[in-house]
Amino acid sequence: MYISMVLRIKTYDDTIAPVKPPEYAINPSKPRPLKRIAPAPERFERIFNLACALESSGQVQEAALWCESLFSLAGNDVESARAYCLWAQLNELQGKWEDTLEAVCTGLSILGTPLPVNKDHIAQQLQEYIKRTTHTLNHRSMESLLSLPKVTSDKHEVTMELLYRAIPSAVQINPPLFVLADLMLFDMTVKHGTTKVSCKNFVDCGIIMGSMLQQYDKGYEFGRAAYQLLKRHDANELLCAVEFVFATYISHWKEHFSSSIACFERATIAGLETGDLTHTSYTFVHCNLRKLFTGETLQDCEAHNRRITQFLRNANTHNQTALPEIAHRVITELKSRCDAIAHKRLKDDHVFIARVESSNNAVDIGLLGQMIAWIAYLDEDYRTALYWSRRTLPYVYALEGMFHLPDYFLVYTLSILKCLQDDAGLSIIDFDAHNALALNLSRLRDWACLCPDNFAHKYHLAHAEYKRFENAKAKSIDESYQAALDTIAPSDFSYQRAAILTHRATHMKHQGDIANAKRNYQNAISLYMKWGARFKAERLQSDLDAL
């Protein structure tokens, strides 16, 4: 992580040494030094590079102090915009999403490319840029886009850099603005040529084309094209960002999830080597979520989560603090004994829930709600699972493209069905449940067709439970359970294999097939214990003993 800073600082002479913020950057009343002042352009570049080096090494606060002095040293609009771009980056690392976007908007205004903040204006421009993008893609092949010339104008290059800097924060608190910024960046690429940030823009366009416009083939093509642009621009400093986005939002549409784990690992190495703290922190967090949702043992996920927390503390970044804490609480609860939980259940921790919801971070709020619903479902508290699924629904747009979104719709679907079957649950069905079921099953089926290895078992389980609700023939129901089991590789999704066996055991019990019900319960208990979910294994053991 420190390589980047060391290499840059070695190029400095004593014009700006020692490495500490100048007093006039902190206290304007202090006189500026009169001796050995380099010409303004040279001093701007040296201080800019120093602030970047400090940021890359995790010294964010010190980098910010140096960055403040850049505003008075900037000799033209481009330099002013570059200072705001760096200021945006420093704010993003501290989790100051609004301040980040404000800095980006200021820098873009200086360069004559305003970015709207009003939601109506964003919606209007989105329509325009979606039309432009659609027209471009209808008339240009991916090969022609990859062969675009490189940007030659400093103004255009910095404008594109500012749009790029808007994206991480916009994803968190204003996803429509994220889409608009990316489409504006793509439009500039088509008009003025590619730059290094076009690599990240291409993979981001993959998210938009796939999960938002349901053109998954085109989205995957954009994602793969980003790697070709990386080579063309020799943009190793963008490798972490590209690998992170491809792993988090795109690869699982077409590839087994193990490919995304490899992407995350490459992203981590690249991020640490180049000092990309922003995307390295995202990579650590989302890699652990991927492992959690694919059935890696809870013990391993917990150990990885501790390393994440330590990294974020050492790197002095605060842009991903909520998700590791959510993961920690979920893992702790899954591992606890159901009759002796020594901590407050996540669903009852109203202080923590209020803190996450008050952040206005749609990704954090969406994942929190999904996690509470997931734990409630495993605990067979279907009313709570349905309540939190419904409460989370307004934030699902922020989770589009993420690997675990199908799990949200699976839990949502199963909770609706269980509450419809239970008279006591009908009191919370205040929506068109049948329409919701149809939409959810349709989405699960689409994902299953997209990549059966990752998603088919979720659809088959939901379909089996829907058949039970519709009183279909027992043989047909069991065939759907078997299809769900058959589409999971032996080493994948241990907890979901256990869930399928549990539902199948319940079905067989109701059919009077006690012997097979016991066998399925026993297999499910074994899988839950292997995963590390003691509370669920003990609950099922009680059900088994009752037989």
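Refer to the structure above for everything that follows.
Attention in this report is confined to the structure presented alongside it.

Reading the values: rules and limits
- Starting from 1, residues in each chain are numbered consecutively following that chain's sequence as written.
- Local features in a predicted model are, by the rule used here, given only for residues with pLDDT of at least 70; side-chain atom pairs are given and counted only at 80 or more, and totals for whole chains, interfaces and linings are based on all residues.
- Side-chain numbers here rest on the full set of heavy atoms in the structure, without hydrogens or water.
- Only the six-membered ring of Trp is used, alongside the rings of Phe and Tyr, when aromatic pairs are assigned; centres must lie within 6.5 Å, and planes under 30 degrees apart are stacked while those over 60 apart are edge-to-face, with the rest tilted.
- In this scheme, the term charge over a ring applies when either NZ of a lysine or CZ of an arginine sits within 6 Å of the ring centre and within 35 degrees of the ring normal.
- Comment: elements are numbered from the N terminus, with helices defined as DSSP H or I runs of at least four residues and strands as E runs of at least two.
- The buried label applies to any residue whose accessible area, calculated with a 1.4 Å probe on protein chains only, is under 20% of its type's maximum; exposed applies above 50%, and partly exposed to all values in between.
- Note on contacts: a residue pair qualifies if any of its non-hydrogen atoms lie within 4.5 Å across the two residues.
- The axes used here are C-alpha line fits, helices contributing only the stretch in contact, and every angle between their N-to-C directions lies in the interval 0 to 180 degrees.
- By definition in this entry, angles of less than 35 degrees are roughly parallel, angles greater than 145 are roughly antiparallel, angles of 65 to 115 are roughly perpendicular, and the rest are oblique.
- Two helices that cross are described as forming a left-handed crossing if the nearer one is turned anticlockwise from the farther one by less than a right angle, and a right-handed crossing if clockwise.
- Side-chain classes are defined by residue name, with Ala, Val, Leu, Ile, Met, Phe, Trp, Tyr, Cys and Pro counting as nonpolar, Asp, Glu, Lys and Arg as charged, and the others, Gly among them, as polar.

1. With respect to the packing of aromatic side chains
So, point 1. Per the counting criterion, the structure on display carries 26 aromatic pairs.
So, point 2. Clustering of aromatic rings is evident, with ring pairs tying together Phe293, Trp374, Tyr495, Tyr528 and Trp531.
So, point 3. Its end group placed over the ring of phenylalanine 48, arginine 82 keeps NZ or CZ at 4.3 Å from the ring centre.
So, point 4. Seen from the ring of tyrosine 129, arginine 132 lies directly overhead, with NZ or CZ sitting 4.5 Å from the centre.

2. What to know about the side chain of threonine 159
So, point 1. The topology assignment puts threonine 159 in helix α9 (residues 154–173).
So, point 2. The exposure class assigned to threonine 159 is buried, which follows from its relative accessible area of 1%.
So, point 3. Ignoring any residue separated from it by four or fewer positions in sequence, one finds threonine 159 in contact with Leu108, Leu111, Thr113 and Met188.

3. Quick notes on the packing of helix α7 (residues 119–139) against helix α10 (residues 175–192)
So, point 1. One can describe the packing of α7 onto α10 by two numbers: an axis separation of 9 Å at closest approach and a directional angle of 40°. With respect to α10, the element α7 is oriented oblique. The crossing of α7 and α10 is left-handed. Between α7 and α10, the contacting residues are Ile122, Gln125, Leu126, Tyr129, Ile130, Arg132, Thr133, Thr136 and Leu137 on the first element and Pro176, Leu177, Val179, Leu180, Leu183, Met184, Phe186, Asp187, Val190 and Lys191 on the second.
So, point 2. Residues of the contact of α7 with α10, tallied by class, amount to 13 nonpolar, three polar and three charged.

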